[in-house]
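Listed below, chain by chain, are the residues.
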Amino acid sequence: MFKTACTEYGLQLASPFEGLRNMKAELETQTNWRSLTPDEFARVTDALWSRPNNAVTLHGLLALENGCRISDANGLEVLDVRLSGDTPHIAFKPNRTRRLDKGSVKRSVPLSPALVDRLRAYSETHNRDKAPNEPFFERKYVGQNGRSNISTQLVRLIRTTTNNEGNREVVEHSLRHTFKDRGRAARVDIGVIDYLQGHKSPLSSSISDRYGSGVPPEHHLKDWERIMATTNWGVFNKSVL
């Protein structure tokens, strides 16, 4: 109505409603995407770990372990993947490869030993001569076309593995929804869940902003381990089993 009135009367006014909607958040919470059931999640987990160690597989494994968006994983640089030290982790932050969108927060998320091994093997093959601020993944998988390619392949894998061919409720984003449900079932504070998976909220933003140089990855290691240990996260309708 505001825009219509400005057009009708020739007014040039700044909209007081600008920025009130978070379209990304609305998209993520729409009801036509769902979490995976524990059985579906187990099948997808087995399928991903048994795949060749390539960029598509690693995007899927990162989403399994930290509920990240494909775009967040896709924009990692070599220096963001920190595989040494007491707490190997991924540092999700704005960089030259990509900016975190307005729905994301900077965070440091722990990695399982198995995924550390996979990431190290990939890096030794593909990143030997790269500078620290170059993309971690092969350039053909980085950027809009690369993300679309990865998403398409992951959706196909997830639907085929879980017998959900043609089911539009089951997408690669289902891994992100599943992470949140597992966190709730593990009774992890919702702000910590949001922080770990990069969902911007007042609670996750307060965690992210608490340390000027970033939250130490070990700070929420116990919370992350509780989420990873959770194998049952809800009562599911039999129609989706």
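Residues numbered from 1 in each chain as written. Predicted model: local features only at pLDDT ≥ 70, side-chain atom pairs only at ≥ 80, totals over all residues. Heavy atoms only, no water.

Colleague: An account of the packing of aromatic side chains is requested, with residue identities and associated values reported.
Modeller: Two measures describe an aromatic ring pair: the distance that separates the ring centres and the angle between the ring planes. Going through the model one piece at a time under the given rule, you end up with 4 aromatic pairs. Ring centres of Phe41 and Trp233 lie 5.5 Å apart, and the angle between their planes is 85°; on these two criteria the pair is classed as edge-to-face. Of the two residues, Phe41 is situated in helix 3 (residues 38-49) and Trp233 in the segment after helix 11 (221-228); the sequence distance between them amounts to 192 residues. Classification of Phe41 by relative accessible area gives buried; the value is 9%. Ring-pair connections join several aromatic residues into one group, and the members of that group are Tyr122, Phe136 and Phe137. Over the ring of Phe92 we find Arg107, and its NZ or CZ is 4.1 Å from the ring centre. (Phe/Tyr/Trp six-rings, centres within 6.5 Å; stacked < 30°, edge-to-face > 60°. Helix = DSSP H or I, 4+ residues; strand = E, 2+ residues; numbered from the N terminus. Buried < 20%, exposed > 50% of the residue type's maximum accessible area, 1.4 Å probe, protein only. Lys NZ or Arg CZ within 6 Å of the ring centre and 35° of its normal.)

Colleague: Go over the nonpolar core, please, and point to the residues and values.
Modeller: If you look at the biggest cluster of nonpolar residues, it comprises 48 residues, and the most contacted ones within it are Leu62, Leu76, Ile90, Leu111, Leu119, Phe137 and Leu196. It is helix 4 (residues 55-66) that provides the largest number of residues to this core, a total of 7 residues. In this structure, Leu62 is in contact with Gly67, Cys68, Ala73, Leu76, Ile90, Leu111, Leu115 and Phe137, ignoring residues within four places of it in sequence. (Core = buried A, V, L, I, M, F, W, Y, C linked by side-chain atoms within 4.5 Å. Contact = heavy atoms within 4.5 Å.)

Colleague: So what about the pattern of salt bridges? Which residues, and what values?
Modeller: Pairing between side chains of opposite charge can happen when the charged atoms of each approach one another. Evaluated as defined, the whole model comprises 12 salt bridges. Close ionic contact of Asp72 with Arg69 constitutes a salt bridge, the shortest N to O distance being 3.7 Å. The pair formed by Asp72 and Arg69 is uniform in burial state, with each residue classed as buried. In this structure, the salt-bridge partner of Glu225 is Lys222, at a minimum N-O distance of 3.9 Å. You can see Glu225 and its partner Lys222 sitting in helix 11, 3 residues apart, about one turn around the helix. According to the relative accessible area criterion, Glu225 is partly exposed, its value standing at 34%. Take Lys222: its relative accessible area is 63%, and that puts it in the exposed class. Put simply, Arg34, Glu40 and Glu169 are held in one network by salt bridges that share partners. (Salt bridge = Lys/Arg side-chain N within 4 Å of Asp/Glu carboxyl O.)

Colleague: Go over helix 8 (residues 174-185), please, and point to the residues and values.
Modeller: Between the first and last C-alpha of helix 8 there are 16 Å, a value that for 12 residues agrees with the 16 Å anticipated at 1.5 Å per step. Burial runs high along helix 8: 9 of the 12 residues are buried. Restricting attention to buried positions, one finds in helix 8 the residues Ser174, Leu175, Arg176, His177, Thr178, Phe179, Lys180, Arg182 and Gly183. Downstream of helix 8 by one or two residues, Arg187 has phi in the positive range, about 60°. (Expected span 1.5 Å × (residues − 1).)

Colleague: Describe the environment of Gly60, naming the residues involved and giving the relevant values.
Modeller: Locating Gly60 in the fold gives a position in helix 4. On the basis of relative accessibility, which here comes to 0%, the residue Gly60 falls in the buried class. Not counting residues up to four positions away in its chain, the partners in contact with Gly60 are Leu48, Leu154 and Leu175.

Colleague: With reference to specific residues and values, describe helix 7 (residues 144-161).
Modeller: An ideal rise of 1.5 Å per residue puts 26 Å on 18 residues; helix 7 measures up with 26 Å between its terminal C-alpha atoms. Buried residues along helix 7 sit against helix 3, helix 4, helix 5 (70-74) and helix 8. Where helix 7 terminates, the next one or two residues include Asn163, which has phi positive at roughly 60°.

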